[in-house]
Amino acid sequence: MWACVPRVDGDPMFSALLSGAEPGEADGVWILEVEGAVETRQAYLRNTPILRTEIRNADGAAVEILDFCPRYRHHGRQYRPLAFVRMVRPLSGAPRIRMRLRPVMKYGERRCYETVGSNHIRYVGEAVTLRLTTDAPVSHVAAERAFRLEEPIGFFLGPDEGLEADVSTTTQRMLRETTDYWRGWVRTLTVPLEWQEAVIRAAITLKLCAYEETGAIVAALTTSIPEHEADDGGGRNWDYRYCWLRDAYYVVQALNRLGAADMLENYLGYLRNLVDQANRGDMKPSAIRPEQRELPGLDLPTAASGKAGHVQPVYGVGLEPVLTEWIAPHLPGYRGIGPVRVGNQAHEHLQHDVYGQIVLSTVQAFFDERLLRPATVDDFRALEPIGERAFELHDEPDASLWEFRGREAVHTYSSVMCWAACDRLGNAAARLGLAERAAYWNARAADIRSTIETRAWNAQEGRFAATFDGDELDASLLQLVDVRFLPADDPRMQATMAAVERGLRRGPYMLRYAIPDDFGLPKTAFNFCTFWLIEALHLSGRTEEARKLFEEMLERRTAAGLLSEDMALDGQELWGNYPQTYSLVGLINCANLLSKSWQSIR
């Protein structure tokens, strides 16, 4: 179990996922046990993120549990409180249940303080106090005492305030309106004919990875799920609960292909604020969030640029530039594999591809007539310093999209994204009728293209390399087609695709790269790269092979229909943070690319 408060990057009140303890013994849990349970089945209600669990015991007694976070329109605005709803009802027999509700604080250091009222229990944490309101016997819940379930009961764990009506009526209404909200949103999507259920589940989950107050999109909802089993001491454990501009670009790109304009519009608000701060040179260490001030191992970084147009690869969901990385000492880690990291040192990196991702995410707003707020000339002027930085840095070394911590080089992917920034600014200028600026940015894009075609091309190997004047391979070279740097039928691209497949494919799956990094050689495949391979196979005319591999990836999803970041090379286990936006983006993109047309059945 895993849930953070008051934000997705906050202190986990429910941290059992990283506690290393058995569920019945762990703190940081909210468990409902059925005495004598022999069978458990789970599934989401159709086209919603509402989880239904059915538990049966040996006597045939059965319990249904519905878990969800309320979300719907209320008083003219989106109602999405920090709250968790659990509805429990007997389906058959006379089941006996036990509730274990043990929220924790300060990353597992101790349980929250409890105060008990007549029909509620308050859990006082470090930054947030939550109140459990229920029509179940409060003393049974507080004592974790088993009791007979004879009628439906409701639990509302949310803000420390009373409910307007009785809990059963309130939770029933919340269930109905939350269901209506999600099914209404799904109806707005333009889905492919095939694999609709998988695509819809991925889209819902990507929407859940957005912090809607600011428009930020996090890379994943968890921290420190290791990239592979710890047979060498571990260490590949990262905190992904932040907004990487690269990951967010891929998310809005995938959701755009489904017609989800609301996600794009909200994220563009986040980007406009970020660009404003970057252009003022404000993106440097400023304030630490209050709940971080007394955390162990916290130091302010010393490296940050105040230069106009400078952009970090990652920010907090509230645009915080400081994401200082430290180790949580009271959480052993997933399966005991530590460390559990909070924050991410990547905020200090130079990763030059981010300039392209800002422009690529924004340029649609200059053309899309659906948007409530189309982009303006002022927005274009604000983007130009981003383009200038892209041009300035396109042939400078960086840590790459793979965030190497121990080395730098001029990475082809980063340079191509800098080219894309200038190229798309040219498109936006032309759309606005700014002929002089269009010529200016098209010329800059041409200059970068010439540099890439000269320095990233390895004549001896007859293909592009991952670094300038080098011979390395990495899977990001497959993205030269998606960003329209080269067409798929260009002989140079075909040779590069073939080389990447030979060098990085391991059975059905793909590595990011096959050279040692800060922790040695990679030991798991990267799911997003496998989806890139599927796209490349299709574009190379190997569509049946691509479809077969796509079906293989669908079979590797969890029972919830989701994917994490990494895959064991034998395909038997998922690793890495979960659910991972990259992987779900790949699923959506490949389904759109490979599906039969709706015209085939109309």
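Coordinates for the structure precede this section.
Residues numbered from 1 in each chain as written. Predicted model: local features only at pLDDT ≥ 70, side-chain atom pairs only at ≥ 80, totals over all residues. Heavy atoms only, no water.

*Asks:* What am I meant to see in the overall build of the chain here?
*Replies:* For the chain, the count of helices and strands is 14 helices and 30 strands. Computed over its C-alpha atoms, the radius of gyration of the chain comes to 25 Å, within 12% of the 25 Å expected for a compact globule of 602 residues. With the C-alpha coordinates aligned to their principal axes, the bounding extent of the chain is approximately 75 × 55 × 50 Å. Counting all 602 residues of the chain, 58% fall into the buried class. Long-range pairs, those at least 24 residues apart, make up 66% of the contacts in the chain with a sequence separation of at least 6. Approximately 23,900 Å² of the chain is accessible, and the part contributed by carbon and sulfur atoms is 48%. Charge separation in the chain, taken as the distance between the mean sites of 67 positive and 83 negative side-chain charges, equals 4 Å. (Helix = DSSP H or I, 4+ residues; strand = E, 2+ residues; numbered from the N terminus. Rg over C-alpha atoms; globule rule 2.2 N^0.38 Å. Buried < 20%, exposed > 50% of the residue type's maximum accessible area, 1.4 Å probe, protein only. Contact = heavy atoms within 4.5 Å. Areas by Shrake-Rupley, 256 points an atom, 1.4 Å probe, with all protein chains shown as cover. Lys, Arg positive; Asp, Glu negative; His and termini not counted. Charge placed at Lys NZ, Arg CZ, Asp CG, Glu CD.)

*Asks:* Can you help me understand the packing of helix 4 (residues 245-257) against helix 6 (residues 353-363) in this one?
*Replies:* Each packed pair of helices is defined by two parameters, the angle between the axes and the distance between the axes. Where helix 4 meets helix 6, the closest approach of the two axes is 9 Å, and the angle between their N-to-C directions is 30°. One finds that helix 4 runs roughly parallel with respect to helix 6. For the element pair helix 4 and helix 6, the recorded crossing hand is left-handed. Judged by residue contacts, Leu-245, Arg-246, Tyr-249 and Val-252 of helix 4 engage Asp-353, Val-354, Gln-357, Ile-358, Leu-360 and Ser-361 from helix 6. Looking at side-chain class alone, the contact of helix 4 with helix 6 contains six nonpolar, two polar and two charged residues. (Axes fitted to C-alpha atoms, helices over the stretch in contact; angles between N-to-C directions. Parallel < 35°, antiparallel > 145°, perpendicular 65-115°, else oblique. Left-handed = near helix turned anticlockwise from the far one by under 90°. Nonpolar A, V, L, I, M, F, W, Y, C, P; charged D, E, K, R; others polar.)

*Asks:* Please explain the packing of aromatic side chains as it appears in this structure.
*Replies:* Note on aromatic pairs: each is described by the distance of the centres and the angle between the planes. By the definition in use, this model includes 27 aromatic pairs. Residues Tyr-250 and Trp-532 carry aromatic rings whose centres are separated by 6.4 Å and whose planes lie at 50° to one another, so their mutual orientation is tilted. One end of the pair, Tyr-250, is in helix 4; the other, Trp-532, is in helix 12 (residues 527-539), and 282 residues separate them in sequence. Looking at Tyr-250, the relative accessible area reads 2%, which means it is buried. Among the aromatic residues, those joined into a ring-pair cluster are Tyr-249, Tyr-250, Trp-402, Phe-404, Tyr-513, Phe-526, Phe-528, Trp-532 and Tyr-582. Directly above the aromatic system of Tyr-211 lies the positively charged group of Arg-7, at a separation of 5.7 Å from the ring centroid. (Phe/Tyr/Trp six-rings, centres within 6.5 Å; stacked < 30°, edge-to-face > 60°. Lys NZ or Arg CZ within 6 Å of the ring centre and 35° of its normal.)

*Asks:* Just to check I follow, could you spell out the environment of Phe-391 for this structure?
*Replies:* Examined against the element boundaries, Phe-391 turns out to sit in helix 7 (residues 377-393). Measuring from C-alpha to C-alpha, the distance between Phe-391 and His-352 comes to 9.9 Å, with 39 residues separating the pair along the chain. Not counting the four nearest positions on each side in its chain, Phe-391 is found in contact with Cys-422, Arg-444, Asp-447 and Ile-448.

*Asks:* What's the story with the sheet that holds strand 10 (residues 96-102) in this structure? I'm lost.
*Replies:* Spatial strand order, 3-10-16: three strands in an open sheet with antiparallel pairing. Both edges of this open sheet fall to strand 3 (29-34) and strand 16 (147-148), since each of them pairs with a single strand only. (Pairing = 2+ DSSP bridges.)

*Asks:* Is there a simple way to explain empty space enclosed by the protein in this structure?
*Replies:* Over the atoms, a rolled probe matching the size of one water molecule traces out where space is still vacant. Inspection of the entire model under this criterion finds five cavities of 30 Å³ or more. In this structure, the largest cavity occupies an estimated 320 Å³ of space. Trp-238, Tyr-240, Trp-402, Glu-403 and Arg-512 are the residues nearest the centre of the largest cavity, which is lined by 25 residues in total. The residue inventory of the lining of the largest cavity, partitioned by class, reads twelve nonpolar, three polar and ten charged. (1 Å grid on protein atoms, 1.4 Å probe; cavity = no way out; pocket = protein on both sides within 12 Å on 5 of 7 lines; lining within 4 Å. Points joined across faces, edges and corners; volume = space filled by probe spheres on them.)

*Asks:* Even after reading the chapter, I still don't get helix 12, so can you show me in this structure?
*Replies:* Since one α-helical turn is 3.6 residues long, residues separated by three or four positions face the same way. Taking 1.5 Å per residue as the helical rise, helix 12 with its 13 residues ought to reach 18 Å, and the 19 Å between its terminal C-alpha atoms agrees with that figure. The buried fraction of helix 12 is high, at eleven of 13 residues. For helix 12, the full list of buried residues reads Asn-527, Phe-528, Cys-529, Thr-530, Phe-531, Trp-532, Leu-533, Ile-534, Glu-535, Ala-536 and Leu-537. Gly-541 sits one or two residues past helix 12 and shows a positive phi near 90°. (Expected span 1.5 Å × (residues − 1).)

*Asks:* Even after reading the chapter, I still don't get the nonpolar core, so can you show me in this structure?
*Replies:* The nonpolar side chains of a soluble globular protein tend to be buried, and buried together. By size, the foremost hydrophobic cluster in this structure holds 143 residues, and its most contacted members are Leu-245, Val-311 and Phe-550. Membership of the second largest hydrophobic core comes to 30 residues, among which are Phe-84, Cys-112, Ile-153 and Leu-157. (Core = buried A, V, L, I, M, F, W, Y, C linked by side-chain atoms within 4.5 Å.)

*Asks:* Please explain the pairing of strand 3 as it appears in this structure.
*Replies:* Where a strand is regular, its side chains alternate between the two sheet faces. Burial of strand 3 is extensive: five of the six residues sit out of reach of the surface. Looking at chain direction, strand 3 and strand 10 are connected through six bridges and run antiparallel. Pairing of Val-29 across the sheet is with Arg-102, part of strand 10.

*Asks:* Can you help me understand the packing of helix 3 (residues 196-208) against helix 14 (residues 581-594) in this one?
*Replies:* Put simply, helix 3 and helix 14 touch, their axes get as near as 9 Å, and they point 145° apart. Both helix 3 and helix 14 take part in a crossing whose hand is left-handed. Residues Ala-198, Val-199, Ala-202, Ala-203, Thr-205 and Leu-206 of helix 3 pack against Thr-581, Leu-584, Val-585, Leu-587, Ile-588 and Ala-591 of helix 14. Grouping the constituent residues of the contact of helix 3 with helix 14 by class yields ten nonpolar, two polar and no charged.

*Asks:* Before we go on, may I ask you to explain the environment of Gln-345 in this structure?
*Replies:* Take Gln-345: it is sitting in the loop between strand 23 (341-342) and helix 6. We classify Gln-345 as partly exposed; its relative accessible area is 25%. Along the primary structure Gln-345 and Ile-65 are separated by 280 residues, whereas in three dimensions their C-alpha atoms are 40 Å apart. Those residues in contact with Gln-345 that lie beyond four places of it in its chain are Leu-323, Glu-325 and Arg-405.

*Asks:* Just checking my understanding: could you explain the environment of Arg-512 for this structure?
*Replies:* Along the polypeptide, Arg-512 turns up in the loop between strand 27 (509-510) and strand 28 (524-526). Residues Arg-512 and Val-359, 153 residues apart in the sequence, show an inter-C-alpha distance of 25 Å. Setting aside residues up to four positions removed in sequence, Arg-512 forms contacts with Glu-227, Arg-236, Trp-402, Asp-474, Ala-475, Leu-504, Phe-526 and Cys-529. For Arg-512, the side chain forms a polar contact with the side chain of Glu-227, separated by 3.1 Å. (Polar contact = N/O pair within 3.5 Å; in protein donor to acceptor, adjacent residues only side chain to side chain.)

*Asks:* Which parts of the structure should I look at to understand helix 13 (residues 543-555)?
*Replies:* Look at helix 13: 18 Å from first C-alpha to last across 13 residues, which is about the 18 Å you get at 1.5 Å a residue. Structurally, helix 13 contributes buried residues whose contacts are with helix 3, strand 26 (505-506), strand 27, helix 12, strand 29 (566-568) and helix 14.

*Asks:* I tried to follow the pattern of salt bridges on my own but got confused; where do I start?
*Replies:* Two side chains of opposite charge can pair, provided their charged atoms sit close to one another. The final tally for this structure, using the stated rule, is 51 salt bridges. Measuring nitrogen to oxygen at the nearest pair gives 3.3 Å for the salt bridge that ties Arg-257 to Asp-482. Of the two residues, Arg-257 is situated in helix 4 and Asp-482 in helix 10 (residues 479-482); the sequence distance between them amounts to 225 residues. Judged by its relative accessible area of 24%, Asp-482 falls in the partly exposed class. When salt bridges with common partners are traced through the structure, they connect Glu-33, Glu-35, Arg-96, Arg-98, Arg-100, Arg-102 and Glu-144 into a single cluster. (Salt bridge = Lys/Arg side-chain N within 4 Å of Asp/Glu carboxyl O.)

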